[in-house]
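Residue-level structural notes
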Amino acid sequence: MLGIFLYNVLLFFGMTRILVQQAFIINYLWPICIVIFSCIILKEKLTVIKCISMLASFAGVAVVATGGNFSNLGSLDFLGVLAACLAAVFYGLFSVLTIKIKYDKFVAMMVYYFFSTIVSAVALLATNTFIIPTASQIPGILWIGILVNGVAFTLWSIAIAAGNTARLSNLAYLTPFVSLIWIYFLIGEPISMASVIGLLIIISGVVLQMFDKQK
(Lines give C-alpha, C1' and ligand atoms only; values in the text may rest on other atoms or scores of the structure.)
Protein backbone atom coordinates (compact mmCIF):
# COMPACT_ATOMS: atom_id res chain seq x y z
CA MET A 1 0.00 0.00 0.00
CA LEU A 2 2.80 2.43 0.93
CA GLY A 3 5.71 1.55 -1.32
CA ILE A 4 3.83 0.51 -4.47
CA PHE A 5 0.31 1.95 -4.66
CA LEU A 6 0.56 5.29 -2.84
CA TYR A 7 4.12 5.88 -4.02
CA ASN A 8 3.25 5.49 -7.72
CA VAL A 9 -0.06 7.34 -7.50
CA LEU A 10 1.50 10.35 -5.80
CA LEU A 11 4.60 10.41 -8.02
CA PHE A 12 2.64 10.23 -11.27
CA PHE A 13 0.13 12.78 -9.97
CA GLY A 14 3.01 15.10 -9.12
CA MET A 15 4.31 14.73 -12.67
CA THR A 16 0.98 15.96 -14.02
CA ARG A 17 1.25 19.14 -11.92
CA ILE A 18 4.93 20.10 -12.17
CA LEU A 19 7.82 19.39 -14.53
CA VAL A 20 8.87 15.74 -14.71
CA GLN A 21 12.43 16.66 -13.74
CA GLN A 22 11.14 18.53 -10.69
CA ALA A 23 8.92 15.66 -9.54
CA PHE A 24 11.67 13.09 -9.96
CA ILE A 25 14.39 15.11 -8.23
CA ILE A 26 12.09 15.96 -5.31
CA ASN A 27 11.20 12.27 -5.10
CA TYR A 28 14.88 11.55 -4.48
CA LEU A 29 14.30 12.67 -0.89
CA TRP A 30 13.47 9.03 -0.11
CA PRO A 31 17.02 8.17 1.10
CA ILE A 32 16.75 10.99 3.63
CA CYS A 33 13.27 9.80 4.62
CA ILE A 34 14.81 6.38 5.29
CA VAL A 35 17.20 8.04 7.76
CA ILE A 36 14.33 9.84 9.50
CA PHE A 37 12.15 6.74 9.84
CA SER A 38 15.15 4.62 10.87
CA CYS A 39 15.60 6.94 13.83
CA ILE A 40 11.89 6.78 14.69
CA ILE A 41 11.12 3.11 14.03
CA LEU A 42 14.47 1.32 14.28
CA LYS A 43 15.69 3.61 17.09
CA GLU A 44 18.90 4.51 15.28
CA LYS A 45 20.88 7.42 16.68
CA LEU A 46 20.19 10.87 15.25
CA THR A 47 23.62 12.45 14.75
CA VAL A 48 24.68 15.97 13.84
CA ILE A 49 25.79 14.81 10.38
CA LYS A 50 22.38 13.26 9.76
CA CYS A 51 20.67 16.53 10.69
CA ILE A 52 22.95 18.49 8.36
CA SER A 53 22.30 16.03 5.54
CA MET A 54 18.55 16.40 6.04
CA LEU A 55 18.75 20.19 5.91
CA ALA A 56 20.92 20.02 2.77
CA SER A 57 18.47 17.70 1.01
CA PHE A 58 15.43 19.82 1.89
CA ALA A 59 17.31 22.92 0.73
CA GLY A 60 17.91 21.16 -2.59
CA VAL A 61 14.18 20.44 -2.89
CA ALA A 62 13.43 24.12 -2.28
CA VAL A 63 15.81 25.10 -5.11
CA VAL A 64 14.23 22.58 -7.52
CA ALA A 65 10.62 23.43 -6.59
CA THR A 66 11.10 27.19 -6.96
CA GLY A 67 13.40 26.99 -9.98
CA GLY A 68 15.96 28.90 -7.96
CA ASN A 69 13.64 31.92 -7.71
CA PHE A 70 12.48 32.18 -4.09
CA SER A 71 10.79 35.53 -4.72
CA ASN A 72 8.18 33.91 -6.97
CA LEU A 73 6.56 31.52 -4.52
CA GLY A 74 3.10 32.60 -5.64
CA SER A 75 3.44 30.69 -8.90
CA LEU A 76 4.61 27.50 -7.18
CA ASP A 77 2.33 24.49 -7.60
CA PHE A 78 2.28 23.41 -3.96
CA LEU A 79 -0.01 20.45 -4.65
CA GLY A 80 2.40 18.97 -7.20
CA VAL A 81 5.41 19.53 -4.94
CA LEU A 82 3.53 18.07 -1.97
CA ALA A 83 2.60 14.96 -3.97
CA ALA A 84 6.23 14.36 -4.99
CA CYS A 85 7.39 14.88 -1.39
CA LEU A 86 4.75 12.51 0.01
CA ALA A 87 5.77 9.88 -2.54
CA ALA A 88 9.30 10.05 -1.14
CA VAL A 89 7.99 9.91 2.44
CA PHE A 90 5.87 6.82 1.79
CA TYR A 91 8.68 5.03 -0.06
CA GLY A 92 11.11 5.83 2.75
CA LEU A 93 8.67 4.45 5.32
CA PHE A 94 8.04 1.39 3.15
CA SER A 95 11.80 0.75 2.87
CA VAL A 96 12.33 0.93 6.64
CA LEU A 97 9.38 -1.37 7.35
CA THR A 98 10.70 -3.96 4.88
CA ILE A 99 13.98 -4.08 6.84
CA LYS A 100 12.06 -5.64 9.73
CA ILE A 101 10.53 -8.28 7.43
CA LYS A 102 12.71 -11.30 6.58
CA TYR A 103 11.11 -12.88 3.52
CA ASP A 104 12.29 -13.91 0.07
CA LYS A 105 12.57 -10.69 -1.96
CA PHE A 106 10.88 -12.06 -5.07
CA VAL A 107 7.96 -13.57 -3.17
CA ALA A 108 7.55 -10.38 -1.15
CA MET A 109 7.52 -8.18 -4.26
CA MET A 110 4.96 -10.47 -5.88
CA VAL A 111 2.69 -10.04 -2.84
CA TYR A 112 3.26 -6.26 -2.81
CA TYR A 113 2.31 -5.86 -6.48
CA PHE A 114 -0.61 -8.29 -6.26
CA PHE A 115 -2.07 -6.37 -3.32
CA SER A 116 -1.47 -3.04 -5.08
CA THR A 117 -3.27 -4.33 -8.17
CA ILE A 118 -6.34 -5.15 -6.08
CA VAL A 119 -6.23 -1.75 -4.33
CA SER A 120 -5.83 0.01 -7.70
CA ALA A 121 -8.85 -1.81 -9.12
CA VAL A 122 -10.98 -0.91 -6.10
CA ALA A 123 -9.85 2.73 -6.28
CA LEU A 124 -10.70 2.95 -9.99
CA LEU A 125 -14.14 1.44 -9.50
CA ALA A 126 -14.86 3.57 -6.44
CA THR A 127 -13.92 6.80 -8.22
CA ASN A 128 -15.44 5.73 -11.55
CA THR A 129 -12.21 6.62 -13.36
CA PHE A 130 -11.53 3.30 -15.07
CA ILE A 131 -10.66 3.68 -18.75
CA ILE A 132 -9.61 1.19 -21.40
CA PRO A 133 -6.02 1.94 -22.51
CA THR A 134 -5.59 2.98 -26.11
CA ALA A 135 -3.22 1.25 -28.51
CA SER A 136 -0.67 4.05 -28.08
CA GLN A 137 -0.80 3.80 -24.25
CA ILE A 138 -0.29 0.03 -23.98
CA PRO A 139 3.45 0.10 -24.89
CA GLY A 140 4.04 2.66 -22.12
CA ILE A 141 2.15 0.53 -19.61
CA LEU A 142 4.15 -2.56 -20.60
CA TRP A 143 7.39 -0.56 -20.41
CA ILE A 144 6.67 0.55 -16.83
CA GLY A 145 5.31 -2.80 -15.67
CA ILE A 146 7.79 -5.20 -17.28
CA LEU A 147 11.04 -3.24 -17.65
CA VAL A 148 10.97 -0.44 -15.07
CA ASN A 149 9.57 -2.61 -12.28
CA GLY A 150 9.92 -6.31 -13.11
CA VAL A 151 13.20 -6.68 -15.03
CA ALA A 152 14.97 -3.79 -13.28
CA PHE A 153 14.17 -5.10 -9.79
CA THR A 154 15.22 -8.64 -10.75
CA LEU A 155 18.55 -7.52 -12.22
CA TRP A 156 19.25 -5.30 -9.23
CA SER A 157 18.56 -8.16 -6.80
CA ILE A 158 20.84 -10.49 -8.78
CA ALA A 159 23.60 -7.88 -8.83
CA ILE A 160 23.34 -7.26 -5.08
CA ALA A 161 23.44 -11.00 -4.37
CA ALA A 162 26.45 -11.59 -6.64
CA GLY A 163 28.63 -8.56 -5.95
CA ASN A 164 29.86 -6.09 -3.36
CA THR A 165 26.69 -4.65 -1.85
CA ALA A 166 28.23 -1.39 -0.64
CA ARG A 167 29.95 -0.70 -3.95
CA LEU A 168 26.86 -1.56 -6.00
CA SER A 169 24.65 0.57 -3.77
CA ASN A 170 26.75 3.59 -4.71
CA LEU A 171 25.67 3.07 -8.32
CA ALA A 172 22.15 4.06 -7.23
CA TYR A 173 23.38 7.64 -7.05
CA LEU A 174 23.74 7.61 -10.84
CA THR A 175 19.97 7.18 -11.15
CA PRO A 176 18.85 10.84 -10.94
CA PHE A 177 21.57 12.03 -13.33
CA VAL A 178 20.84 9.32 -15.90
CA SER A 179 17.13 10.06 -15.55
CA LEU A 180 17.70 13.71 -16.46
CA ILE A 181 19.27 12.50 -19.71
CA TRP A 182 16.25 10.26 -20.44
CA ILE A 183 13.86 13.13 -19.62
CA TYR A 184 15.66 15.40 -22.06
CA PHE A 185 15.80 12.95 -24.97
CA LEU A 186 12.52 11.03 -24.53
CA ILE A 187 10.23 13.77 -23.25
CA GLY A 188 12.01 16.75 -24.77
CA GLU A 189 11.89 18.69 -21.51
CA PRO A 190 14.80 21.18 -21.23
CA ILE A 191 16.88 20.59 -18.10
CA SER A 192 17.16 23.78 -16.06
CA MET A 193 20.27 24.84 -14.17
CA ALA A 194 18.16 25.09 -10.99
CA SER A 195 17.27 21.38 -11.32
CA VAL A 196 20.93 20.41 -11.68
CA ILE A 197 22.03 22.57 -8.73
CA GLY A 198 19.16 21.36 -6.56
CA LEU A 199 19.93 17.75 -7.44
CA LEU A 200 23.59 18.20 -6.52
CA ILE A 201 22.57 19.67 -3.16
CA ILE A 202 20.20 16.76 -2.47
CA ILE A 203 22.83 14.19 -3.47
CA SER A 204 25.39 15.88 -1.23
CA GLY A 205 23.02 15.44 1.70
CA VAL A 206 22.43 11.77 0.86
CA VAL A 207 26.17 11.07 0.47
CA LEU A 208 26.88 12.89 3.73
CA GLN A 209 24.51 10.70 5.74
CA MET A 210 25.93 7.61 4.04
CA PHE A 211 29.42 8.65 5.17
CA ASP A 212 28.10 9.04 8.70
CA LYS A 213 26.66 5.50 8.53
CA GLN A 214 29.98 4.06 7.32
CA LYS A 215 31.86 5.93 10.02
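Anything mentioned here points back to the structure above.
Quick summary incoming for the structure in this document. (Residues numbered from 1 in each chain as written. Predicted model: local features only at pLDDT ≥ 70, side-chain atom pairs only at ≥ 80, totals over all residues. Heavy atoms only, no water.)

1. Topic: the overall build of the chain
Summing up its helical and strand segments, the chain has 10 helices and zero strands in all. When the elements of the chain are put in sequence order from the N terminus, they spell out α-α-α-α-α-α-α-α-α-α. Expressed as a percentage of the 215 residues in the chain, the buried residues total 33%. Accessible surface for the chain amounts to roughly 12,900 Å². Of this, 75% is attributable to carbon and sulfur atoms. (Helix = DSSP H or I, 4+ residues; strand = E, 2+ residues; numbered from the N terminus. Buried < 20%, exposed > 50% of the residue type's maximum accessible area, 1.4 Å probe, protein only. Areas by Shrake-Rupley, 256 points an atom, 1.4 Å probe, with all protein chains shown as cover.)

2. Quick word on the environment of threonine 134
With respect to the helices and strands, threonine 134 occurs in the loop between α6 (105-127) and α7 (138-162). Engagement of the side chain of threonine 134 in a polar contact is seen with the side chain of serine 136, the distance being 3.1 Å. (Polar contact = N/O pair within 3.5 Å; in protein donor to acceptor, adjacent residues only side chain to side chain.)

3. Side note on helix α5 (residues 78-99)
End to end, α5 covers 32 Å across 22 residues, agreeing with the expected 32 Å (1.5 Å per residue, within 8%). Residues of α5 that are buried: Gly80, Val81, Ala83, Ala84, Ala87, Ala88, Gly92, Leu93, Phe94, Ser95 and Val96. Contacts made by the buried residues of α5 are with α1 (2-17), α2 (20-27), α3 (30-41), α4 (48-66) and α6. (Expected span 1.5 Å × (residues − 1). Contact = heavy atoms within 4.5 Å.)

4. Thoughts on the packing of aromatic side chains
Applying the stated criterion to the full structure yields six aromatic pairs. Ring centres 4.9 Å apart and planes at 45 degrees place the aromatic pair tyrosine 7 and tyrosine 91 in the tilted group. One end of the pair, tyrosine 7, is in helix α1; the other, tyrosine 91, is in helix α5, with 84 residues separating them in the sequence. Since its relative accessible area comes to 26%, tyrosine 91 is described here as partly exposed. An aromatic cluster is built from Tyr7, Tyr28, Trp30, Tyr91, Phe94 and Tyr112, whose rings are joined through pairwise contacts. (Phe/Tyr/Trp six-rings, centres within 6.5 Å; stacked < 30°, edge-to-face > 60°.)

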